[in-house]
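Structural overview for review
What follows is the residue order along each chain.
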Amino acid sequence: MENTTDGTWDSLPVKLNDGILQTLREVKFTYMTPVQSACIPLFMSNKDVAAEAVTGSGKTLAFVIPIIELLLKREEKLKKMQVGALVITPTRELALQISEVMEQFLQKFPQFTQILLIGGSNPIEDVEKFKEKGANIVIATPGRLEDMFRRKSDGLDLASSVKSLDVLVLDEADRLLDMGFEASLNTILGYLPKQRRTGLFSATQTQELEKLVRAGLRNPVRITVKEKGVAATAVQKTPSRLSNYYTMCRSEDKFNNLVAFLRQRKQEKHLVFFSTCACVEYYGRALETLIKKVTVCCIHGKMKNKRNKIFADFRALKSGILVCTDVMARGIDIPDVNWVLQYDPPSSASAFVHRCGRTARIGNQGNALVFLLPMEESYVNFLSINQKCPLEKMVLTGEVVDVLPKVQAMALADRAMFDRGMRAFVSYVQAYAKHECSLIFRIKDLDFASLARGFALLRLPKMPELKGKKFPDFIETTVDTETIRYKDKHREKQRQKMLAELKEQDKTPLPRKTFIKNKAWSKQKLKKERRRKRSAKRKHEEGSDVDDEDMKELLNDTRLLKKLKKGQISEEDFEKQIMSGPKYKTEGLSLDGSGDEEV
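Notes on the structure follow. Just so you know, the residues in each chain are numbered from 1, in the order the chain's sequence is written. Reporting of local features is limited, given that this is a predicted model, to residues whose pLDDT is at least 70; pairs of side-chain atoms are given and counted only at 80 or more, and all residues count toward the totals for whole chains, interfaces and linings. Only heavy atoms go into the side-chain values, all of them from the structure, while hydrogens and water stay out.

A word on helix α19 (residues 489-506)
Helical geometry: 3.6 residues make up each α-helical turn, so side chains three or four residues apart lie on a common side. Between its first and last C-alpha, α19 extends 26 Å over 18 residues, near the 26 Å set by a 1.5 Å rise per residue. Among the residues of α19, the N-terminal cap falls to Asp488, whose side-chain oxygen and the backbone nitrogen of His490 are separated by 3.0 Å. Elements are defined by DSSP. Helices are runs of H or I of four residues or more, strands are runs of E of two residues or more, and each kind is numbered from the N terminus. Multiplying one less than the number of residues by 1.5 Å gives the expected span of a helix. Here a polar contact means two N or O atoms within 3.5 Å. Within protein one must be a hydrogen donor candidate and the other an acceptor candidate, and residues neighboring in sequence count only if both atoms are side-chain atoms.

Structure, rendered in structure tokens:
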């Protein structure tokens, strides 16, 4: 970015409160970014705003400062249980981050309180905290917030508390819709007063977001912030101080290259993105063992209670590795990230840009590298055209050691690691099959043998994508994988108990050929017979030539069917009476087993 600032805070056309200016000096935010200088005056002058700016451009302060200013200007002071501002954001990590920024400013304004409502914590505790301390500012994720609105039985009336709302902010608004929160948002918006200021902040504009703008904002001011030095015709979606690279390698070489890259840069801070939660679990555990004297953290969407602490701990580190999924791709501000490594390209092109945006934030330098298979090289041109995101080829240098045998040894030593590897492989293949850019990421072109070697698998899993295929290039282990034990003694004890139960069942096996009464077959015949009789009845009503015997039988069967539905006769009695009718006698259906089918 040639110039990431847009003047000092004193140059704003509106005057900021002294407490806010003092906080800005303390946190060393001397200059404004373009999105801040554009949004803050408008928001403070009671305008609705829809702001689009590249990730890492300082959007958080662009709404935190106006929120405080607008609450300070209220004619009536907010009471303990009155909510004056609501910030909704897609992930708990981003909500936590916004809460921390807000808290820095609120230290100068003790009259305001805030509450954080996010998943991963006990909702009853949130209810009790709100009832006890109240909150003038709520920062929340959609799921938990919707849940709080519905907890009237727990003594919380959040719907009444938000009647005094002055400001609503939807941060990463496009992502809120991408993640399927549209229904939750509609529910939440239904509780909020129409007379309010609304701000939508996002890094990209989408059709769904346009609908939200029209539905939730009154005459909004649209703000699109482009970086200085970028041509007017080019809408650059990544910071210009970001160096964006790609490297080519085969599936079986990817992990070795990743480990070599991380070993060469132990003093730096890295984010490593994988496509699935299972891959994070598996490769994260492998990196913990293979990269010595470096803190390796893992975060993915299926984690419940641990995520908040892991995120806070990693943010505080000077160096380390965070292995993660796209749950960390949007809006998250982790200080001093040197490299964003995309081990797996994301399922959508927009997510690629957001991943890269975790580095080179607020004018800092940063680097991003994506690992591509040879058959995926055309993805580079696709990103350049589709996302205005050019990539430069990087040839990895330095010693690359084959660490895959060590990963296999880990799987042999602990069944938990073996299970993780199998799950990771299956989840990767499934994610690959669902890739948004299926013309480039074609599952039929995957070299499954090379991929399995890259996952350090001991054997191939049983899955539909591999059914009926042979892989002579993949050599399975000679070890019987059923003999691999869990290091966790309790878990192994449970497994052994289950195996013993299965073995006990095997001692009394069913005969290889078992004959049963043709109940299912007869039911099929009954269905056909009922259809025949319905047809006969219809013909009779239309004046067709149907004899009285058929009509009588039809009426009798109808009565029996009604009795069955009412529970007055059993299914067995129903079948006996139906099949004792003249139709079945004349067709000679056997009821003594001679008409049985083999199952």
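A closer look at the pattern of salt bridges
Between side chains of opposite charge, a pair can form when the charged atoms approach closely. Salt bridges are identified by distance alone: a Lys or Arg side-chain nitrogen within 4 Å of an Asp or Glu carboxyl oxygen. Within the structure shown, the criterion is met by 21 salt bridges. Here Glu93 makes a salt bridge to Arg307, at a shortest N to O gap of 2.6 Å. On the criterion of sequence distance, the pair formed by Glu93 in helix α4 (residues 92-106) and Arg307 in helix α13 (residues 307-316) is long-range, its members being 214 residues apart. Note on Glu93: relative accessible area 0%, which makes it buried. A salt bridge links Arg315 to Glu100, with the nearest nitrogen and oxygen atoms 2.4 Å apart. Of this pair, Arg315 sits in helix α13 while Glu100 sits in helix α4, placing them 215 residues apart in sequence. A simple rule labels every residue: compare its accessible area, found with a 1.4 Å probe on the protein chains alone, to the largest value its type can have, and call it buried under 20%, exposed over 50%, or partly exposed in between. The exposure class of Arg315 is buried, given its relative accessible area of 18%. Here the residues in one salt-bridge network are Arg250, Glu252, Asp253 and Arg453, joined through shared partners.

Regarding the packing of helix α2 (residues 34-44) against helix α3 (residues 59-72)
Structural elements are reduced to axes, namely lines fitted to C-alpha atoms, with helices fitted over the stretch in contact, and the angle between N-to-C directions of any two is expressed from 0 to 180 degrees. Remark: α2 packs on α3, axes separated minimally by 9 Å, with the N-to-C direction vectors making an angle of 25°. In this view, α2 runs roughly parallel relative to α3, as classed from their interaxial angle. For the crossing formed where α2 meets α3, the hand is right-handed. Residues Val35, Gln36, Cys39, Ile40, Phe43 and Met44 of α2 lie in contact with α3, whose contacting residues are Lys59, Leu61, Ala62, Phe63, Ile65, Pro66, Glu69 and Leu70. Following the grouping adopted for this structure description, the nonpolar residues are Ala, Val, Leu, Ile, Met, Phe, Trp, Tyr, Cys and Pro, the charged ones are Asp, Glu, Lys and Arg, and the polar ones are all others, Gly among them. Split by residue class, the contact of α2 with α3 holds eleven nonpolar, one polar and two charged. Orientation is classified from the angle alone, with under 35 degrees giving roughly parallel, over 145 giving roughly antiparallel, 65 to 115 giving roughly perpendicular, and any other angle giving oblique. Whether a crossing is left-handed or right-handed is set by the direction in which the near helix is turned from the far one by less than a right angle, anticlockwise for left-handed and clockwise for right-handed. Pairs of residues are marked as contacts when any of their non-hydrogen atoms sit within 4.5 Å.

Some points on the pairing of strand β9 (residues 269-273)
Across the five residues that make up β9, a large majority, five, are buried. Covered by surrounding structure in β9 are Lys269, Leu271 and Phe273 together with His270 and Val272, the residues of both alternating faces. Pairing geometry for β9 and strand β11 (residues 320-324), over five bridges, is parallel. Bridging from a neighbouring strand, Lys269 pairs with Gly320 of β11. Two strands qualify as a pair provided that DSSP identifies no fewer than 2 bridges between them. Pairing between β9 and strand β12 (residues 339-342): four bridges, direction parallel. Across the sheet, His270 pairs through a bridge with Trp339, a residue of β12.

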